[in-house]
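Architecture at a glance
Take a look at the letters that make up each chain.
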Number of protein chains: 2
Amino acid sequence: MAKAFIVGAGPGDRRLLTVAAAEAIAAADVILCDRLVSDEIIALAKDSAEIIYVGKHPGEQPVTQNRIFALFSQYANENKVLVRLKGGDPYVFGRGWEEHVCLKQLGYEVTLVPGITSAVGVPAVADIPLTARGVASAFAVVTGHCCGEEKVDWEKFAGIDTLVVLMGVSERTTIARSLIDAGRPGHEPVAFVISGSTKEQRVVRADLASVALGQVDVSSPAVFVIRAVTALGGQLLIDAPQILHELETPRLVDGLGRLRSAS
Amino acid sequence: MAKAFIVGAGPGDRRLLTVAAAEAIAAADVILCDRLVSDEIIALAKDSAEIIYVGKHPGEQPVTQNRIFALFSQYANENKVLVRLKGGDPYVFGRGWEEHVCLKQLGYEVTLVPGITSAVGVPAVADIPLTARGVASAFAVVTGHCCGEEKVDWEKFAGIDTLVVLMGVSERTTIARSLIDAGRPGHEPVAFVISGSTKEQRVVRADLASVALGQVDVSSPAVFVIRAVTALGGQLLIDAPQILHELETPRLVDGLGRLRSAS
């Protein structure tokens, strides 16, 4: 039986691959690869591996989903290890589920290897927590680039503390305007994390209203975070006397001395 | 300067650790560890590493957050590598942000290592996609176990395609009832993935109404997925004649033969 691994490559940095993903890539005979997967990750493949890019490259004709299914079909009767390598997590957008169904129907033995979705990992490496006690107790993830006629109903997301929009750069003005129309305050802090977890990582901060007015320049790929909570180091959250009560060791004095001077 | 790594250990399986997380654990002199982190992950630490459990063990007095801050303080002036090891992703609940702020204020050089959040990785390994074309184009993640007086307003989540509730097992009846009151249909398929990604993984499937009626037995820890889309293998999503058009190689015939017999 032909073996296939559907592998999430995470947000970009090679070190944010899982151990299982790195092993699958190293074992692959054929890799069908998305464009968002970085060269340093593909470099983990063995020299003899056949690498086929099936993602959309800017300015090129996109590879259709049926072409990907056809490639699955082509290798189904060969005794090879096929890896379908996708940016982020395979089940967070990106049609991982359809591809899993297709591979099973073609007779492959399929292993799914989850990855760190950019929706969570990219804000994290940019020090933007999606949840924080007293600030955000839930988050939602949505794609800004809807497939076909399906339109996002932004009103559904009006009340969610933190909202992460993937593939939302080109539509950011419309998205921000729709969210304000749906009741989100224009002064909400937002952030775009561009090329998150790579050497080119940049963060653009603004408020929702500026984005709605078309005043915020951003390049793709970027993760768009709405209600990006205050940057680190804002407030002192720790209560020194309380800590003294909790810990009864002489070494504490040093630590507390430093704590107190920080407040 | 003391070094600290806030590390997400992922959903449980050692092979779902990131490469960066495995390296940080192996380098650690001191590990402050949550209870959800598995023994096989902790086994990656060097023999001389000091392992301190700070998570809540069932039936034991929980370690307070201030005790954790106090331990950070205790090691702040030592030339040691401290790893704060947390289940899932450090910024998805679990107070990672507060701990990051505290470590910075204590003078540590802090590196955040994201992990696969159980909210995404656990449904994935149980073959439950959070998004799927034509079925679910967004998902939200919320905690069912709210801190202090803060109550979850379930109405906010009525319209989100897929909802993932972490730490929601003990409150599942109330949560399901609130979601139905907020307008979600009682016949929505739900799944609890228990001990996801570990050898003890089990999936309990039901509909939302049965959960609301208290008819669904589940043990903790489990990830509660509302609108858990149909299991794999349901429908044939691939269009054979279309594939023929896409791929013009003689090898296709074999593959298509198998495809046709599957339809």
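Residues numbered from 1 in each chain as written. Chains lettered and ligands numbered in written order. Predicted model: local features only at pLDDT ≥ 70, side-chain atom pairs only at ≥ 80, totals over all residues. Heavy atoms only, no water.

**Some points on the overall build of chain A**
For chain A, the helix and strand inventory stands at nine helices and 10 strands. Sorting the 263 residues of chain A into buried and exposed places 55% on the buried side. Nonlocal contacts in chain A, meaning residues at least 24 apart in sequence, comprise 62% of its contacts between residues at least 6 apart. With the model as given, the accessible surface of chain A reaches about 10900 Å², and the carbon-plus-sulfur share is 48%. (Helix = DSSP H or I, 4+ residues; strand = E, 2+ residues; numbered from the N terminus. Buried < 20%, exposed > 50% of the residue type's maximum accessible area, 1.4 Å probe, protein only. Contact = heavy atoms within 4.5 Å. Areas by Shrake-Rupley, 256 points an atom, 1.4 Å probe, with all protein chains shown as cover.)

**Quick notes on the sheet that holds strand β4 (residues 81-86) of chain A**
Residue and element names in this part refer to chain A. Pairing is parallel across the open sheet formed by five strands, whose spatial order is β3-β2-β4-β1-β5. Looking at the sheet topology across the chains shown, the edges are occupied by β3 (50-53) and β5 (109-113). Strand-to-strand, the axes of this sheet are offset by a mean angle of 15°, without reference to chain direction. Helix α3 (residues 65-75) contacts β2 (30-33), β3 and β4 of the sheet and is inclined by roughly 160° relative to β4. In the packing of helix α4 (residues 96-105) onto the sheet, contacts are made with β1 (3-8), β4 and β5, and the angle to β1 comes to roughly 175°. (Pairing = 2+ DSSP bridges. Axes fitted to C-alpha atoms, helices over the stretch in contact; angles between N-to-C directions.)

**Looking at the confidence of the model for chain A**
Per-residue pLDDT for chain A has a mean of 84; in total, 83% of the residues score no lower than 70. Across residues 233-263 of chain A the pLDDT falls below 50, and counting only partners more than four positions away or on other chains, this stretch makes 47 contacts in the model. (pLDDT = per-residue confidence, 0-100.)

**Looking at the pairing of strand β6 (residues 138-143) of chain A**
Side-chain positions along a regular strand alternate between the two faces of the sheet. Of all six residues in β6 of chain A, six are buried, a share of seventy percent or more. Here β6 of chain A shows a buried face lined by A138, A140 and V142 of chain A and a second buried face lined by F139, V141 and T143 of chain A. In this structure, β6 of chain A lies alongside strand β6 (residues 138-143) of chain B, joined through five bridges in antiparallel fashion. Residue V141 of chain A lies in a different strand from β6 of chain B, and its bridge partner there is F139 of chain B. Looking at chain direction, β6 of chain A and strand β7 (residues 162-166) of chain A are connected through five bridges and run parallel. Directly across from V142 of chain A, in β7 of chain A, lies its bridge partner V165 of chain A.

**Examining the sheet that holds strand β10 (residues 222-226) of chain B**
Judged by pairing direction, the sheet is mixed, and its 10 strands sit side by side in the order β9(A)-β8(A)-β10(A)-β7(A)-β6(A)-β6(B)-β7(B)-β10(B)-β8(B)-β9(B) without closing on themselves. With one partner strand each, in any of the chains shown, β9 (202-207) of chain A together with β9 (202-207) of chain B form the two edges of the open sheet. In this sheet, neighbouring strand axes are inclined to one another by 20° on average, regardless of whether the strands run parallel or antiparallel. Sheet topology places β7 of chain A next to strand β10 (residues 222-226) of chain A; three bridges connect them, and they run antiparallel. Directly across from L163 of chain A, in β10 of chain A, lies its bridge partner I226 of chain A. Each of β7, β8 (189-194) and β10 of chain A is contacted by helix α6 (residues 172-181) of chain A, which is oriented at about 15° to β10 of chain A, the strand it contacts most. Together, β6, β7 (162-166), β8 (189-194) and β10 of chain B form the strand contacts of helix α5 (residues 118-125) of chain B, whose direction differs from that of β10 of chain B by roughly 80°.

**Here's the deal with the nonpolar core**
Core analysis: the largest hydrophobic core is formed by 50 residues, its most contacted members being W154, F157 and L163 of chain A together with W154, F157 and L163 of chain B. Residues in contact with W154 of chain B, not counting those within four places in the same chain, are V142, G144, L163, V165, I175, S178, L179 and A182 of chain B. Core analysis: the next-biggest nonpolar cluster, separate from the first, contains 34 residues, L130 and V223 of chain A together with V122 and A191 of chain B among them. (Core = buried A, V, L, I, M, F, W, Y, C linked by side-chain atoms within 4.5 Å.)

**Digging into the pairing of β7 of chain A**
The buried fraction of β7 of chain A amounts to five of the five residues, a majority that puts the element mostly inside the structure. Going residue by residue along β7 of chain A, you find T162, V164 and L166 of chain A tucked away on one face and L163 and V165 of chain A tucked away on the opposite face as well.

**A word on the pattern of salt bridges**
All told, the structure shown has 22 salt bridges over all chains when counted by the stated rule. Linking E23 of chain B and R15 of chain A is a salt bridge whose minimum nitrogen-to-oxygen distance equals 2.6 Å. Separated into two different chains, E23 of chain B in helix α1 (residues 19-27) and R15 of chain A in the loop between β1 and α1 (19-27) make up a pair that spans both. Judged by relative accessible area, which is 39%, E23 of chain B ranks as partly exposed. Between R184 of chain B and E188 of chain B there is a salt bridge whose closest N-O contact spans 2.8 Å. Look at R184 of chain B and you get buried, because its relative accessible area is 3%. Judged by relative accessible area, which is 4%, E188 of chain B ranks as buried. Each of the salt bridges in this network shares a partner with another, and the network as a whole consists of D34, R84, K86 and E99 of chain A. (Salt bridge = Lys/Arg side-chain N within 4 Å of Asp/Glu carboxyl O.)

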